Amino acid sequence: IIVGVFMIIAAGHAIFENSNDLLDRMPARELVDQIRALAHDFPNVAGVDKIAGRKTGMRYLIDLHLEVAGDMTVQQAHLLGAQVKDWLMVKRPEIADIIVHIEPAGHGEG
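Cut-offs and rules
- Residues numbered from 1 in each chain as written.
- Predicted model: local features only at pLDDT ≥ 70, side-chain atom pairs only at ≥ 80, totals over all residues.
- Heavy atoms only, no water.
- Pairing = 2+ DSSP bridges.
- Helix = DSSP H or I, 4+ residues; strand = E, 2+ residues; numbered from the N terminus.
- Axes fitted to C-alpha atoms, helices over the stretch in contact; angles between N-to-C directions.
- Contact = heavy atoms within 4.5 Å.
- Core = buried A, V, L, I, M, F, W, Y, C linked by side-chain atoms within 4.5 Å.
- Buried < 20%, exposed > 50% of the residue type's maximum accessible area, 1.4 Å probe, protein only.
- pLDDT = per-residue confidence, 0-100.
- Phe/Tyr/Trp six-rings, centres within 6.5 Å; stacked < 30°, edge-to-face > 60°.

## Section: the sheet that holds strand E2 (residues 59-68)
Here's step 1: Taken together, three strands build an open sheet; the order of strands is E1-E2-E3 and the sheet is mixed. For this open sheet the edge positions go to strand E1 (47-56) and strand E3 (95-104), each flanked by a neighbour on one side alone. Direction aside, the axes of adjacent strands within the sheet are offset by 15 degrees on average.
Here's step 2: Relative to E2, E1 runs antiparallel, the two being bridged by nine bridges. Directly across from Val48, in E2, lies its bridge partner Leu66.
Here's step 3: Strands in contact with helix H3 (residues 74-91) are E2 and E3; relative to E3, the strand with the most contacts, it is inclined by about 150 degrees.

Next comes the structure, spelled out in structure tokens:
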């Protein structure tokens, strides 16, 4: 009976973990907070608007909305986004890819 109970618990745990991965669960709050802090502290980043992500295999795909100065050129903003992406992927190797969206600082959500 005891072995049976352990088997049921182990099976329930395996089902829970695998179904979360299949349902594109967000990364752990700790990872999201670290991504936000690293991106926010990068030079010329005015803020971090949104972060979304999902697990693929053992790594994460991240959508990152950066706020930049409104007078920054498209070329400057694109370069900054690429630099932030590269920086984050070095600092957090569990990230497979990051899509960076550039937003003007202070645009608000409405």
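## Points about the nonpolar core
Here's step 1: By size, the foremost hydrophobic cluster in this structure holds 19 residues, and its most contacted members are Ile35, Ile62, Leu64 and Val84.
Here's step 2: In terms of residues, this core owes the most to one element, E2, which gives five residues.

## With respect to unusual backbone geometry
Here's step 1: You will see that Asn44, though not glycine, has its phi angle at about 75 degrees, which is positive.
Here's step 2: Here Asn44 lies in the loop between helix H2 (29-40) and E1.
Here's step 3: Look at Asn44 and you get exposed, because its relative accessible area is 59%.

## A closer look at the confidence of the model for the protein chain
Here's step 1: For the protein chain, mean pLDDT is 88; residues scoring 70 or higher make up 89% of the total.
Here's step 2: Least confident of the elements in the protein chain is helix H1 (residues 2-22), whose mean pLDDT is 79; most confident is H3, at 96.

## Description of the packing of aromatic side chains
Here's step 1: Per the counting criterion, the structure on display carries one aromatic pair.
Here's step 2: Considering the side-chain rings of Phe42 and Trp87, the 6.3 Å spacing of their centres and the 55 degrees angle between planes classify their relative orientation as tilted. In this pair, Phe42 is assigned in the loop between H2 and E1 and Trp87 in helix H3, connecting sequence segments 45 residues apart.
Here's step 3: Here Phe42 falls in the buried class, since its relative accessible area comes to 16%.
Here's step 4: Here Trp87 falls in the partly exposed class, since its relative accessible area comes to 33%.

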